[in-house]
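What follows is each chain in one-letter form.
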Amino acid sequence: MSIVLSVKNLSKSYSTVRALNDVSFDVPEGSVFGILGPNGSGKTTLLGVVMDVLKANSGSFLWFSRHGTSEQRKKIGSLLETPNFYSYMSGSDNLRVTQAISGRGAKIDIDAVLKKVNLYDRRWAPFKSFSLGMKQRLAIAAALLGNPKVMVLDEPTNGLDPVGIAEIRQLIVELREQGHTIIMASHLLDEVEKVCTHAAILKNGHLITTGEVEDIMMDDDDVVEVSAADLNALAAVLSKLGKEIVTDEKNHTVQITLPRGSARLDEINRFCFDNGIVLSQLVLKKKRLEARFFELTNN
């Protein structure tokens, strides 16, 4: 898999404040990569550095395996702060102004990006009539001018109501399906869990962990939750497979803890069946990203 952004040992200080401290990670092509952390963790500073808005004190970064050039920048669209749109102008005309100022894309691109963000049918409506979610979608449309391969978004759902958040979440999924790589900073962990394939978690400028979201959410052990008609018999059979067995009478389940990566659900199902137990439930439990995030950042 190709790497669109490689960050190596980035550090950035503001006077006595260390905003980034030796941060390294890679962003795979075709991913939705979340940069996560509480306020003051260094998310916005990191995006500012890789977009050449800020200069790092040390370290380096490569876009598409090369140092930044004007040609490479054309492959990157960014939304680091909300653009200033004219309230009395239509969405389409606002994009024409943005295009004239930035010089990105051709005239035909405006209709294309409006279709991508599902605003084409409202293209002639005045900006002031747009909902919060529509305004943010228009801002993303502006970043899409020139059809960049990569989108860099700083808190794209910040300040939106639940409807607006759902709109942007769906849009990010659709943009990935259309071939864009998305890099987004966010503190809304529930939303990140629904759209991100990869993530880097920051705390006080330090990288806590990075990798696929599925791997980040996994515990140090595999926890398998099973159920059957006779919980006591089920627990007795499972005790032959693992040392830690927990029976939950209220939810009518039994949990078995195994070394990470060793849980084979098909083998557990076959073992129970061969020992006279027919399972009605068999799942590998995963923590919510929010719970895992607090575990990692509170250590």
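A brief look at the structure comes next. What you see is a predicted model; the values in this text were computed from it and never measured.

A few words now on the overall build of the protein. A count of helices and strands for the protein gives 11 helices and 13 strands. Seen through its C-alpha atoms, the protein measures out along the principal axes to roughly 70 × 45 × 30 Å. Each of the 299 residues in the protein was classed as buried or not, and the buried ones make up 45%. Relative to all contacts within the protein whose residues are 6 or more apart in sequence, the contacts with residues 24 or more apart total 67%. With an accessible surface of roughly 15,200 Å², the protein has 49% of that area assigned to carbon and sulfur atoms.

What follows deals with the nonpolar core. The biggest cluster of nonpolar side chains holds 41 residues, and the ones touching the most others in it are Leu95, Leu138, Ile140, Ile172 and Met184. In terms of residues, this core owes the most to one element, helix 5 (residues 132–144), which gives 8 residues. Setting aside chain neighbours within four positions, we find Ile140 in contact with Leu79, Val117, Met151, Ile168, Leu171 and Leu175. Ranked by size, the runner-up nonpolar core spans 25 residues in total, among them Val23, Val27, Val49 and Ala200.

Those residues of helix 4 (residues 109–116) lying buried are Asp109, Ile110, Val113, Leu114 and Lys116. Buried residues of helix 4 fall within an arc of 155° about the axis and therefore sit on the same side. Considering only its buried residues, helix 4 is in contact with helix 3 (91–102), helix 5 and helix 6 (162–177). Just downstream of helix 4 lies Asn118, where phi reads positive at about 60°.

Here the focus is the environment of Ser87. Structurally, Ser87 can be placed in the loop between strand 5 (76–79) and helix 3. The spacing of Ser87 and Gly34 is 53 residues in sequence and 31 Å in space, taken between C-alpha atoms. If we skip the residues at most four places from it in the chain, Ser87 touches Pro126, Phe127 and Lys128.

Right, let's get into the sheet that holds strand 4 (residues 58–63). With respect to topology, 3 strands assemble into an open sheet ordered 2-1-4, the strand pairing being antiparallel. Across the chains shown, the open sheet's two edge strands, defined by having one partner strand only, are strand 2 (17–28) and strand 4. Recorded for the sheet is a direction-independent mean angle of 15° between the axes of neighbouring strands. The pairing of strand 1 (residues 3–14) with strand 2 spans 8 bridges and is classified as antiparallel. In the strand pairing of strand 2, Ser6 is matched with Asp26.

Moving on: the sheet that holds strand 6 (residues 150–154). Spatial ordering of the open sheet is given by 5-6-7-3-8-9, a layout of 6 strands whose pairing is mixed. In the strand order of this sheet, the two ends are held by strand 5 and strand 9 (206–212), each with one partner. Strand after strand, the sheet turns through a mean of 15° between neighbouring axes, direction not considered. Pairing of strand 3 (residues 32–36) with strand 8 (residues 198–203) involves 4 bridges; the strand directions are parallel.

Turning next to the packing of helix 9 (residues 231–238) against helix 10 (residues 265–274). Where helix 9 meets helix 10, the axes come as close as 10 Å, and the angle between the chain directions of the two elements is 115°. As helix 9 runs across helix 10, the sense of the crossing is right-handed. For the pair helix 9 and helix 10, contact is made by Leu234, Val237 and Leu238 and by Ile268, Phe271 and Cys272, respectively. Looking at the contact of helix 9 with helix 10, its residues break down into 6 nonpolar, no polar and no charged.

Where helix 5 meets helix 6, the closest approach of the two axes is 8 Å, and the angle between their N-to-C directions is 25°. Here helix 6 runs roughly parallel to helix 5, going by the angle between their axes. Crossing hand, helix 5 versus helix 6: right-handed. Between helix 5 and helix 6, the contacting residues are Gly133, Met134, Gln136, Arg137, Ile140 and Leu144 on the first element and Gly164, Glu167, Ile168, Leu171 and Leu175 on the second.

Cut-offs applied
Residues numbered from 1 in each chain as written. Predicted model: local features only at pLDDT ≥ 70, side-chain atom pairs only at ≥ 80, totals over all residues. Heavy atoms only, no water. Helix = DSSP H or I, 4+ residues; strand = E, 2+ residues; numbered from the N terminus. Buried < 20%, exposed > 50% of the residue type's maximum accessible area, 1.4 Å probe, protein only. Contact = heavy atoms within 4.5 Å. Areas by Shrake-Rupley, 256 points an atom, 1.4 Å probe, with all protein chains shown as cover. Core = buried A, V, L, I, M, F, W, Y, C linked by side-chain atoms within 4.5 Å. Arc of directions from axis to C-beta. Pairing = 2+ DSSP bridges. Axes fitted to C-alpha atoms, helices over the stretch in contact; angles between N-to-C directions. Left-handed = near helix turned anticlockwise from the far one by under 90°. Nonpolar A, V, L, I, M, F, W, Y, C, P; charged D, E, K, R; others polar. Parallel < 35°, antiparallel > 145°, perpendicular 65-115°, else oblique.

Bear in mind that shape data such as this cannot, by itself, settle questions of function.
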